[in-house]
Amino acid sequence: MRKILKYIWDNLELIVMQTCFWLLLICVCINILLRLIFNSPLFFAEELSRIFFIWMCFWGFGYVTRQNNHIRITSLVEKFPAAMRRIIDLLINILGLAIFTWIFVNGVQYLNYVSIRRSSAMQIPMQYLVIVIPITAGITLIRLIANAAVDVTNIVKARREEYLR
């Protein structure tokens, strides 16, 4: 059971992103076929596709954070010494923590704001669609804290090795 939970935690974002991608692809393909063959597309396909795409993008935040593959200006950072690069990585993670804390707080507030609204085509309560914002922001915050802890450990380890020389 522990192995299964670890696997899910380690691959949660990837699993959800892949699921959303395939559901998006299936929805679009079915809608294209229905439009071509019967000249009558599904009335909810565009809305459903948009939801899958948005969910895929939001889950991507946590995934790239976990992989530590977010957008960087590596040509500039590579010019600094290794010690400074570690500090820059830590500062980037701290900035990410501030940004995703803001997204999390505002995502929860937005959930309350849309609690009485429904989607236009499928009439799904919007809070079920918007819940992805605070969930993925929270998961990304956890991933950023883990990355920052690794950065601090690397900085301390490098200082200790430098001191012992």
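Owing to the predicted nature of the structure, the values given are computational and were not obtained by experimental measurement.

Peer 1: Would you mind showing me how to read the packing of helix α1 (residues 2-38) against helix α6 (residues 132-164) here?
Peer 2: Running from N to C, α1 and α6 cross one another at 125°; their axes reach a closest spacing of 12 Å. Judged by the angle between their axes, α1 and α6 are oblique. Taken as a pair, α1 and α6 cross one another with a handedness that is left-handed. Facing α1, whose interface residues are Trp9, Leu12 and Glu13, α6 presents Ile139, Ile142 and Arg143.

Peer 1: Is there a simple way to explain the pattern of salt bridges in this structure?
Peer 2: Any two side chains of opposite charge can pair, given that their charged atoms come close. As enumerated under the stated definition, the model contains four salt bridges in all. For the salt bridge of Arg66 with Asp10, the shortest nitrogen-to-oxygen distance reads 2.9 Å. Taken as a pair, Arg66 in helix α2 (residues 45-67) and Asp10 in helix α1 lie far apart in primary sequence, 56 residues in all. The partner of Glu13 in a salt bridge is Arg143, with the nearest N and O atoms 2.9 Å apart. Taken together, the residues span a long stretch of sequence, with Glu13 in helix α1 and Arg143 in helix α6 at a distance of 130 residues. We note that Glu13, like Arg143, is buried.

Peer 1: How should I be thinking about unusual backbone geometry in this particular structure?
Peer 2: In terms of backbone geometry, most residues other than glycine have negative phi values and most peptide bonds are trans. Look at Asn39: it is not a glycine, yet its phi comes out positive at around 55°. Relative to the elements of secondary structure, Asn39 occurs in the loop between α1 and α2. Here Gln123, not a glycine, exhibits a phi torsion of approximately 60°, which is positive. By the secondary structure assignment, Gln123 is in the loop between α4 (82-113) and α5 (126-130). Judged by relative accessible area, which is 43%, Gln123 ranks as partly exposed.

What counts, and at which threshold
- Residues numbered from 1 in each chain as written.
- Predicted model: local features only at pLDDT ≥ 70, side-chain atom pairs only at ≥ 80, totals over all residues.
- Heavy atoms only, no water.
- Axes fitted to C-alpha atoms, helices over the stretch in contact; angles between N-to-C directions.
- Helix = DSSP H or I, 4+ residues; strand = E, 2+ residues; numbered from the N terminus.
- Parallel < 35°, antiparallel > 145°, perpendicular 65-115°, else oblique.
- Left-handed = near helix turned anticlockwise from the far one by under 90°.
- Contact = heavy atoms within 4.5 Å.
- Salt bridge = Lys/Arg side-chain N within 4 Å of Asp/Glu carboxyl O.
- Buried < 20%, exposed > 50% of the residue type's maximum accessible area, 1.4 Å probe, protein only.

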